Amino acid sequence: MNRNLFMSTVLAISAVGCGDPLKEGQRIEELRVLGASISIDGEPGRATPAAGESANVEWLLADPSGLPAQAIWSMTVCVAESTTFGVPICRDEPLASVEQSEPSDAAPSIAFSVPDASELGDAKKLAVLAIFCDSGTIEVGSDLDSTTCHGADTIQKASFDIFLASGDTANDNPNLDDAVLEIDGETWEAGSTVVDCATDEVPRLPADGQEHDVRLVLGEGVRELKPADEVDDAAPESLQISQLSTLGKFDSRFSGVDPEDSNLSVEMPWTAPGEIDSASPVSFYFVVRDDRGGVSWLTRTACVEP
Amino acid sequence: MRRTLGVTPILGLFILSHSPALGQPAAPNTPAEDAEKTAGPENQGLVPPKLKQAAEVSYPEVEGEPHPAAVLLAITIDAEGNVTDPQVVEGAGEPFDSKALELITAFEFEPALQAGKPVPARIQYRLVFTPPQPEPEPKPEPEPVAPPPAAAAPAAAAAPKKEPAAEPAPAPDEESFEAVADVEAPPREPTRHAIEEKELTRIPGTRGDALRAVEVLPGVGRTGFAENEGPPIIRGAQPYESMVTLDGAPIPLLYHFGGLTSVYNSHLLEQVELYPGNFSARYGRVVGGVVEAKTRDPRTDRFHGMLELSLIDNFVMVEAPIGENTSFAVAGRRSNIDFVFDKLVPEDTFDVVAAPVYYDYQGMLVHRFNQDHKLKLQAYGSYDTLKLVFSNPNEEDPALRDTVEGEIQFHKFQAQLTSQFGPTVEQNIELAAGPIAASATIGDLHQEFTGLDLHARAEWGIFASDQVRLDVGFDSFVQTIHGKYKGPPPPQEEGDPSVDQPLGTIENVNVEDTLYIVRPGAYAELSYRPITNWLLLPGVRADYDYGTSAWVVDPRFSTRYGITDSTTLKGGVGMYSQPPEYYQLIDVFGNPDLEPYRALQTSAGVEQVVADGFEVGLEGFYKYLYNRVVGTPGGAPPYFINDGEGRIYGAEVSAELKTESHFGYLAYTLSKSERQDRDEDWRLFDYDQTHNLSVVYSYDFGSGWSAGAHFRLTSGDPETPVLGGVYDANSDLYRAVYGDVNSRRRPTFHQLDLRGEKEWAFEDWSLTAYLEILNAYNAQNVEGTTYSFDYTKQESATGLPIFPNLGIRGEL
């Protein structure tokens, strides 16, 4: 088998630690898309819509200033071909489209209705195809490849697969209701997304290049039990956590909770910037993904001071 | 092509004589060095060489007590009867080996005759050194006569010289002279290249690996260090479109850890042959080329041992006779990577639970029932394993997380019975069977499978007349595989740049299944010589594949015409077929309705013997592939379809130099290999290398010193440009957006490898130290491109830097 897992194992070893990365993914240095999440009307925690249901997909954008991202965007939702790799391919005409042609700091989102079963046929997923730009004018093409923004400094194209509920199998987004974030041992509450470092009560971190302990303590209900399949027995979901910040740097871009892990406390050391001219807000993003299409996130803010 | 030992079929005659007239019937109990003997049409009318004049020989000076010693030599008797290219086959140590090599060139022979014409022949000749007899007490005679010193019995058929003294000349040892004349049959393919035992482990840059040595031959593409886990790239064909066999049976796994070192100890190989195209109907189920590795028989003269220590791995080997008709060899090897792996691992990346380590073993037993029947039993196997635990998910691909482990092993048992029934029928029966098991885990992804495979072949060569020989045979490959798999679905084998996408961006599949692969085949081939120097080889092969329920019939034809004794024209045309890979038929991620794909191969060329030991060749080739298996866009159902084509064309220039003191290979291939997937535009093959130059030279300075160099210059491999990236919100990774497939090329590759060796020969053993330097001038060859996580930045990635490998080997 070409993509032989054993060979991938060998190649994985050779890929690790080979020099410094060209860019560090855990630092937000330009307009970035960090994730998307679906909420279903009447059952907002579920990630797998069924035929005929209405739903909404919201995107998480970040700006290096630490403030809510200002962007223009365009996105569509369609029934997707049953591809397994590559950018999703629409099988039919879009189910819904939306465009924001003036810069906005509202969270980009799109509402749609899932076709009924007869129209879906054997489709297993929907796809959201989107373009986000910091400025300029959107030109929508026949597909994502031909869609662009003229005059923009930063263009981000993105896709999000929505897996449809099948039979008794449904999946929820990771439940972060009971999750607690800590920084240097202190509970870190969510605050305003717009921070005034002169007045707001947020953690204040010196720009001294020192490492800080950031810890995400997930609640017991964060993940579900995956049903057994042809290969595996039933087991808890594994979780992938992306941690990013607009200043400073997390030690690693990803953390994980594996099926056999009973410890749901995830440590993510973060190093403050070495110097700064004046007190600046810094935003932190923690995006939690299960391995079945469910996504949730937490955001926090702080101030870094000279 | 130069006639040398080791070609199948080898035609030979056993001759035992202690009279001047050679050509006497073979004695029944000759402990002769083995060669299959066949009296084919090429040999009928064959008269072996005859000793005309033995040289004056003398017992060399030895330390300690003089003792009898026998040295078995292989020598070529050219068409003028001169002895050339003497090599020690079974030595007796120094100073006997050197003395024998020195003496034999002074012998004179009458050349072998084929159909009345003198032809070169390679024979084996055993020189027996008998220690001088003590001088007798001088008799009270008026003229005492000192007895002549006893000469080393030349074991020749020539009548021993009689000294005019009372001392009779010693009678030659009845078993001291034996000559096995092996007159190489003309090949059954238009083109055959071979690397012999003597050179197999000494080609610089190959780390002593015989399968890697094939890359110095014309038509074989370059692959990067540990880049290719399968057969070599032969005349623009995908690795899996070619086959590598060991004594005719496929090898389950060729390399440790996906290409690091081959699993079979090269010191047990006699020869590696390459058939780059238009190969015989004997081989089927591939559309590329064939590499046939032939094992040697264990030595029969005495106990031998070998121990080698190097930076990469260590091995030990022993071989010895058991009685008169049986011999055995066993070898084992272990890697050294795990001893240093911990120190190479960057901090805070992963914990090493079990560092990568590999083992392999080989064993063989050869029994000669008599001069007509030989049985060879072999067992060999391999085991690779590693286990790591990642501290955090990998930055580039978070699917690489938690435990990453892999283990793969196979064991093979092989039996081969070769027989001669009278002068007109030869038979070869082979059976090879054994288990294979593999498991791998990467985070949530894992696979495990166990399997058993069986390969069987039965073939007969029938000599209907002086001009006609018919070869018929059956072979079959049967395999069962039971497996569980959770991971990405298999992509198109070649030409799909998305195989480089992070695992996290790919939807996984789950499957547990048991497969049965049954592939029987039958073939027939006629060797017809309307005139002595013209060989016609029409053949046909039929194959059935249980997986596709398809029959294929492949007619083939090749010819060789000797314009002169030294110039040969050759050509071939034929059909070749290959069933889809077994996993491409699994309906969860494959297409059970796939069909075999086909290739038309043509070639034409000329071979020229410039001088003894020096040959050159020029050949052109064209191949057309159709019904290729290609993937569907995005891997959507039915996942794979027979909608691909290919065209490969080019020319090869080759030169081979092989003498006692040096050897060299030059290979230059100018070619183009293209593919068309579905209805898309034609594109370059992933490993298309327009220019491919390889030059190897090795020189034996004497006194145990030898040195060699290997220079390689190839066009850079094609690559697909990345135009940008699309963010995948499901995995928090980016998918590359590609330009036209293989539309640009990396810079030209060039590399120089060096090897130096020093051997110290002692009485009963020798010690060899070698130093091999790969990429001696530290060329910064671009082997790929590294991208930032969002594909907005890129930089070239270079391959292997200068790399020394030091080793020491003791041989008993």
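Only a predicted model underlies this, so the values are computations on that prediction, with no experimental measurement involved.

Cut-offs applied
Residues numbered from 1 in each chain as written. Chains lettered and ligands numbered in written order. Predicted model: local features only at pLDDT ≥ 70, side-chain atom pairs only at ≥ 80, totals over all residues. Heavy atoms only, no water. Helix = DSSP H or I, 4+ residues; strand = E, 2+ residues; numbered from the N terminus. Rg over C-alpha atoms; globule rule 2.2 N^0.38 Å. Buried < 20%, exposed > 50% of the residue type's maximum accessible area, 1.4 Å probe, protein only. Contact = heavy atoms within 4.5 Å. Areas by Shrake-Rupley, 256 points an atom, 1.4 Å probe, with all protein chains shown as cover. Lys, Arg positive; Asp, Glu negative; His and termini not counted. Charge placed at Lys NZ, Arg CZ, Asp CG, Glu CD. Pairing = 2+ DSSP bridges. Axes fitted to C-alpha atoms, helices over the stretch in contact; angles between N-to-C directions. Phe/Tyr/Trp six-rings, centres within 6.5 Å; stacked < 30°, edge-to-face > 60°.

**Examining the overall build of chain A**
Turning to step 1, where the next piece is worked out: The helix and strand inventory of chain A stands at two helices and 23 strands.
Turning to step 2, where the next piece is worked out: Taken over C-alpha atoms, the radius of gyration comes to 20 Å for chain A, in line with the 19 Å a tight globule of 306 residues would show.
Turning to step 3, where the next piece is worked out: Counting over 306 residues, chain A shows a buried share of 50%.
Turning to step 4, where the next piece is worked out: Taking contacts inside chain A between residues at least 6 apart in sequence as the whole, the part at least 24 apart equals 69%.
Turning to step 5, where the next piece is worked out: Of the roughly 12900 Å² of accessible surface on chain A, a fraction of 45% belongs to carbon and sulfur atoms.
Turning to step 6, where the next piece is worked out: Within chain A, one finds 18 positive and 55 negative side-chain charges whose respective centroids are separated by 5 Å.

**Side note on the sheet that holds strand β1 (residues 32-40) of chain A**
All names here are of chain A.
Turning to step 1, where the next piece is worked out: Spatial strand order, β1-β2-β5: three strands in an open sheet with antiparallel pairing. The strands lining the two open edges of the sheet, one partner per strand, are β1 and β5 (109-113). Each strand axis lies, on average, 20° off the axis of its neighbour in the sheet, ignoring direction.
Turning to step 2, where the next piece is worked out: Bridge analysis of β1 against strand β2 (residues 54-62) gives eight bridges, and the strand direction is antiparallel. Counterpart to I40 in the pairing with β2 is A55.

**Regarding the packing of aromatic side chains**
Turning to step 1, where the next piece is worked out: A complete count under the given rule lists 32 aromatic pairs over all chains for this structure.
Turning to step 2, where the next piece is worked out: Centre to centre, the rings of W188(A) and F284(A) are 4.8 Å apart; their planes meet at 75°, and the pair counts as edge-to-face. Pair noted here: W188(A) is in the loop between β11 (186-187) and β12 (204-206) and F284(A) is in strand β22 (residues 280-290), with a separation of 96 residues, a long-range link. Residues W188(A) and F284(A) agree in their burial class; the two are buried.
Turning to step 3, where the next piece is worked out: Seen from their ring centres, Y727(B) and Y734(B) are 5.3 Å apart, and the 65° between their planes marks the pair as edge-to-face. Summarising the burial analysis for this pair, Y727(B) and Y734(B) share the class buried.

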